[in-house]
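Chain by chain, the residues:
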Amino acid sequence: MAETGTDISIARGLLQKGDLVAVPTETVYGLAGNALNVDSVARIFEVKNRPSFDPLIVHIYDLSQLSKYVMNIPQQAERLAKEFWPGPLTLLLRKRSIIPDLVTSGLDTVGIRCPKHPMTQNLLKTLDFPLAAPSANPFGFVSPTKASHVTDQLGSKIKYVLDGGPSVVGIESTIVGFENNKTIVHRLGGISVEQIESVVGDVEVITSPTAMKSPGQLKSHYSPSKKMFVADLSKAVEMVDLQRVALLSFKDDYKAPHQVTLSPTGSLPEAAKNLFDALRILDKMPVDLIIAELVPEEGIGRAINDRLRRASAK
């Protein structure tokens, strides 16, 4: 079983040897390996059981490193990085040859970001390579927001989990690309569309991609093991056996025996932070089905609803 601790030097030593380490970020915990080492990258896909057509995100510690790994940085990208890095924003840019094709699933673009968590920031500063780090969970399942989530699902396959406490954002980064002078949101996440537009103007949001250009674009993803549906809970509670069904509500208490409420105060950031942990709690309840309601479709609520729809797609 993986050791859990707060010793950055242990994590650094393992990564330098080509091993994988789970690391905390402000979004979710990542399964990290040397992004320039093809063997380490291949091990990430193996441990996660992740299909090779789903590209990985590369993590750096500072905007000054960006030009080492990508070419042709658009002005919009630089403005967004200056505004939101470190933070939950991934930029999709044309990669340099130093980034292995396996990282990008053969694409000529790479997703790259600067995580905000101080522990992982300090770790990246001690390394002479960036980290490829998708979420530290089996592919398609609920993303981890605590060290214990990682050990529960991947603890037998890695050696060390760097414990940085609960993730403060709780959902993955927003992925933004640039084509023909347009700014395109490929994945909704921790930075809202409204925040991005406040910096670069109008953006295009791709909700039904025709090709896999970035992580998190599969229709079914972030899923608990139990069957899950999205519905109007105020109506659903009158139609189901509440002894056999668990409810995931935004802010209302439906007085059900099996329920988790994301934010009793109606805070969307709090709901985002609690989302994946709530799905794990619901998945362990003695029920046959999970029914979730959507949150207001605004700000980070759009990203929460994206995860709820993908979690229920299967």
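Look up: the structure comes first, before these words.
Predicted model only: the values in this text are computed from it and were never measured.

Turning our attention to the pattern of salt bridges. Using the criterion set out here, one finds 15 salt bridges in the structure. With its nearest N and O atoms 3.3 Å apart, the salt bridge here joins Arg50 to Asp54. Residue classification places Arg50 among the buried residues on the basis of a relative accessible area of 9%. Look at Asp54 and you get buried, because its relative accessible area is 1%. Close ionic contact of Asp306 with Arg310 constitutes a salt bridge, the shortest N to O distance being 2.9 Å. Within this pair, Asp306 and its partner Arg310 are both found in helix α11 (residues 301–311), separated by four residues, close to a single helical turn. For the pair Asp306 and Arg310, one class covers both residues: buried. A network of salt bridges, in which partner residues are shared, links Glu172, Asp306, Arg307 and Arg310.

Let us now look at the packing of helix α4 (residues 75–84) against helix α8 (residues 193–200). For the pair α4 and α8, the least separation of the axes is 9 Å and the interaxial angle reads 120 degrees. Classified by the angle their axes make, α4 and α8 are oblique. Between α4 and α8 lies a crossing of right-handed hand. In this structure, α4 contributes Gln76, Arg79, Leu80, Glu83 and Phe84 to the contact, and α8 contributes Gln195, Ile196, Val199 and Val200. Class assignment of the residues belonging to the contact of α4 with α8 gives a composition of five nonpolar, two polar and two charged.

Looking at α8, one finds that the buried residues are Val193, Ile196, Val199 and Val200. Projected down its long axis, α8 shows its buried positions confined to an angular sector of 125 degrees, all on one face. In this structure, the buried residues of α8 make contact with α4, β10 (174–179), β11 (182–187), β12 (204–205) and α11. Positioned one or two residues after α8, Gly201 has a phi angle of 85 degrees, which is positive.

Looking at the element boundaries, Ser192 is found in the loop between β11 and α8. Those residues in contact with Ser192 that sit more than four places away from it in its chain are Gly299 and Ile300.

Cut-off values and rules
- Residues numbered from 1 in each chain as written.
- Predicted model: local features only at pLDDT ≥ 70, side-chain atom pairs only at ≥ 80, totals over all residues.
- Heavy atoms only, no water.
- Salt bridge = Lys/Arg side-chain N within 4 Å of Asp/Glu carboxyl O.
- Buried < 20%, exposed > 50% of the residue type's maximum accessible area, 1.4 Å probe, protein only.
- Helix = DSSP H or I, 4+ residues; strand = E, 2+ residues; numbered from the N terminus.
- Axes fitted to C-alpha atoms, helices over the stretch in contact; angles between N-to-C directions.
- Parallel < 35°, antiparallel > 145°, perpendicular 65-115°, else oblique.
- Left-handed = near helix turned anticlockwise from the far one by under 90°.
- Contact = heavy atoms within 4.5 Å.
- Nonpolar A, V, L, I, M, F, W, Y, C, P; charged D, E, K, R; others polar.
- Arc of directions from axis to C-beta.

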